[in-house]
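Coordinates in review
Okay, here's what each chain looks like letter by letter:
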Amino acid sequence: MKSENNSQVRVRFAPSPTGHLHIGSLRTALFNWLFARHNGGTFLVRIEDTDAVRSKKEYEDSLMQSLLWSGIMSDEPLMHQHARLSVYQAVADQLIAAGHAYKCYCSEEELQKKRERVIARSDTYQYDRTCRTLEPAAVSAGKPYVIRFKVQIDEVDFVFKDLIKHEVTIPAGQIDDFVILRSDGTVTYNFAVVVDDHEMAITHIIRGEEHLFNTPKQILLYQALGHVVPLFAHIPLILGPSGQKLSKRDGATSVVEYKKEGYLAAALCNYLVRLGWAHGDQELFSQQEMIQYFSLEHIHASGAKFDIEKLKWLNGCYIKKLTVEDILHHFTVDLEKDFVAVTSDWTPAQRAAWIMLYQDRVSTLKELYDYVLRVYFLPVSYDWENLRKLIAKDAVIILQLLQQELTHLEFEKIKINEKVKAFCKSHDYKMSDITQLLRFAITGSLSGPSVFEMMALLGKQEIHKRISLVIAEM
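The following refers to the structure shown. (Residues numbered from 1 in each chain as written. Predicted model: local features only at pLDDT ≥ 70, side-chain atom pairs only at ≥ 80, totals over all residues. Heavy atoms only, no water.)

Bridging between strand S6 (residues 157-162) and strand S7 (residues 166-171) involves 6 bridges; their strand directions are antiparallel. Of the residues in S7, the one forming a bridge with Asp-157 is Pro-171. The hairpin formed by S6 and S7 contains 3 residues between the paired strands. (Pairing = 2+ DSSP bridges. Helix = DSSP H or I, 4+ residues; strand = E, 2+ residues; numbered from the N terminus.)

Pasting the structure below:
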């Protein structure tokens, strides 16, 4: 598309500070940011905070922190809609003066009665334009009013071009004379975004497809104001596993929660960019690769299914690449847990060894943190019933004999391995059964990394204590 090569590309992400940033919104921000970077353009953030009741500073701060954590930052200062009410009023007055808008004095009670009558006929309600030709002299002084846009469409259908959906058709009959300013002076969404996007010189509006039905209204406003209409690109929805709207159970939660669960920002962005966009069969992308390859042409027109297991796999791939120092940093900053303080009696080498032992086995940083500390602290309880199903009945005797064999052994991984292997051979036991028994005694779990590495890291004294505890309890 030639439009993507425009060096003057300017796009925006416009969240409302009424809650934390969710992954669907993060994907929208990411697509806008990548599009701007790919085309050498500008990415902006606008805070749509005209809802004085629901908009909160704490949510705005959370939104901006989530974007910063994701590596997405505005190239220019933020715009806040709440500070621009006088601007919207002035533009609305301009539309009235030009004959493109009018004052509507219908009360909410009157409108509700009209809705009820239309619904009773099983018809779709639209404002009946009662006040469109009303003379000002016919209205009592001081009567409250809203300002409506005068929709003038000659065709049966309203057709517009979309960079993702291609040609979109909306029946003209579904577009009534919509309100642009309420009676209390507050602005409506469709009006505010047109005024703001024009002032911000936005060239491309990339947003979720839930805004498709807003687009005709906004195009009509652009035309009435004599502005150049920006190009539109509506991103398909993120769907649940069975094709339904994504729910919290399926993963529609906030970016803050994903951060606290131990997902890496780079992995989450990598996953989200592949939800509805592709570059061949490539799955793993560096940020630079995403910028290099991203284009609207390769965004799919249909919805993309969210797969939490694939996200976990991808996150695990990124965790494998981290250094120990990186992981400790993420523990502190993302999980808000001081791993060093909790393991204060470990040396840095021990700490690093334990992290690297589990690093390749986890899908989140939270799992890594929990797994290492689960081994660090002596297990509070053991799953005896599960244990008895899986290992020999003479487990106590085996452990007692093993403990004697290990008493005078130098605790080094290879030496422990050789000693246990010799023990199995001389007593006719399977190596897998004995390592499983040892792992249970040491960690309380029947699965995990190399039991010999764990034994060497914990040391002879700690291993003796844990095996003795299991012997006493069995």
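Now that the structure is up, let's keep going.
Here we come to the sheet that holds strand S1 (residues 10-13). Strand order in this open sheet of 3 strands is S1-S2-S3, and the pairing throughout is parallel. Here the strands that pair on one side only, and so sit at the sheet edges, are S1 and strand S3 (79-80). Bridge count for strand S2 (residues 42-47) against S3 is 2 bridges, and the pairing is parallel. Within the sheet, the bridge partner assigned to Ile-47 lies in S3 and is His-80. Contacts between helix H2 (residues 57-69) and the sheet are confined to S1, S2 and S3, with S2 contributing the most and set at about 160 degrees to the helix. Along the sheet face, helix H5 (residues 189-199) touches S1, S2 and S3 and points at about 145 degrees away from the line of S2. (Contact = heavy atoms within 4.5 Å. Axes fitted to C-alpha atoms, helices over the stretch in contact; angles between N-to-C directions.)

Turning to the pairing of S1, a few remarks are in order. Side chains of S1 alternate between two faces, with Arg-10 and Arg-12 and Val-11 and Phe-13 buried alike. Regarding the hand of the β-α-β motif, the stretch spanning S1, helix H1 (residues 23-38) and S2 is right-handed. (Buried < 20%, exposed > 50% of the residue type's maximum accessible area, 1.4 Å probe, protein only. Right-handed = clockwise from strand over helix to strand, strands pointing away.)

A positive phi angle, close to 70 degrees, is found at His-166, a residue other than glycine. Inspection of the secondary structure assignment puts His-166 in strand S7. Note on His-166: relative accessible area 53%, which makes it exposed. In this structure, Glu-336 takes a positive phi of about 60 degrees despite not being glycine. Counting through the fold element by element, Glu-336 comes out in the loop between helix H11 (324-333) and helix H12 (339-342). Under the relative-accessibility criterion, Glu-336 is labelled exposed at 63%.

Let's shift gears to helix H8 (residues 265-273). Counting buried positions over the 9 residues of H8 gives 8, a clear majority of the element. Every buried residue belonging to H8 is among Ala-265, Ala-267, Leu-268, Cys-269, Asn-270, Tyr-271, Leu-272 and Val-273, and all of these are buried. Buried-residue contacts for H8 involve H1, H2, helix H7 (255-260), helix H9 (287-293), strand S12 (304-305) and helix H10 (308-320).

Once that is clear, we can look at the environment of Glu-110. The residue Glu-110 is located in helix H4 (residues 108-120) in this model. The exposure class assigned to Glu-110 is partly exposed, which follows from its relative accessible area of 37%. For the pair formed by Glu-110 and Ile-442, sequence separation is 332 residues and the distance between their alpha carbons is 75 Å.

A few words on the side chain of Thr-188. With respect to the helices and strands, the residue Thr-188 is situated in the loop between strand S8 (179-181) and H5. Polar contacts involving the side chain of Thr-188 include one to the main-chain carbonyl oxygen of Val-179, which spans 2.9 Å. When residues no more than four places from it in sequence are discounted, the contact partners of Thr-188 are Val-179, Ile-180 and Arg-182. (Polar contact = N/O pair within 3.5 Å; in protein donor to acceptor, adjacent residues only side chain to side chain.)

So, on to the pattern of salt bridges. A complete count under the given rule lists 25 salt bridges for this structure. In this structure, the salt-bridge partner of Asp-196 is Arg-84, at a minimum N-O distance of 2.8 Å. Separated by 112 residues along the polypeptide, Asp-196 in helix H5 and Arg-84 in the loop between S3 and helix H3 (85-97) bring together distant segments of the chain. Judged by its relative accessible area of 0%, Asp-196 falls in the buried class. For Glu-209, the salt bridge goes to Lys-165, with nearest N and O atoms at 2.5 Å. Separated by 44 residues along the polypeptide, Glu-209 in the loop between strand S9 (204-208) and helix H6 (215-225) and Lys-165 in the loop between S6 and S7 bring together distant segments of the chain. Overlapping salt bridges, with partners in common, bring together Arg-12, Arg-46, Glu-48, Arg-84, Asp-196, Asp-197 and Glu-199 in one network. (Salt bridge = Lys/Arg side-chain N within 4 Å of Asp/Glu carboxyl O.)

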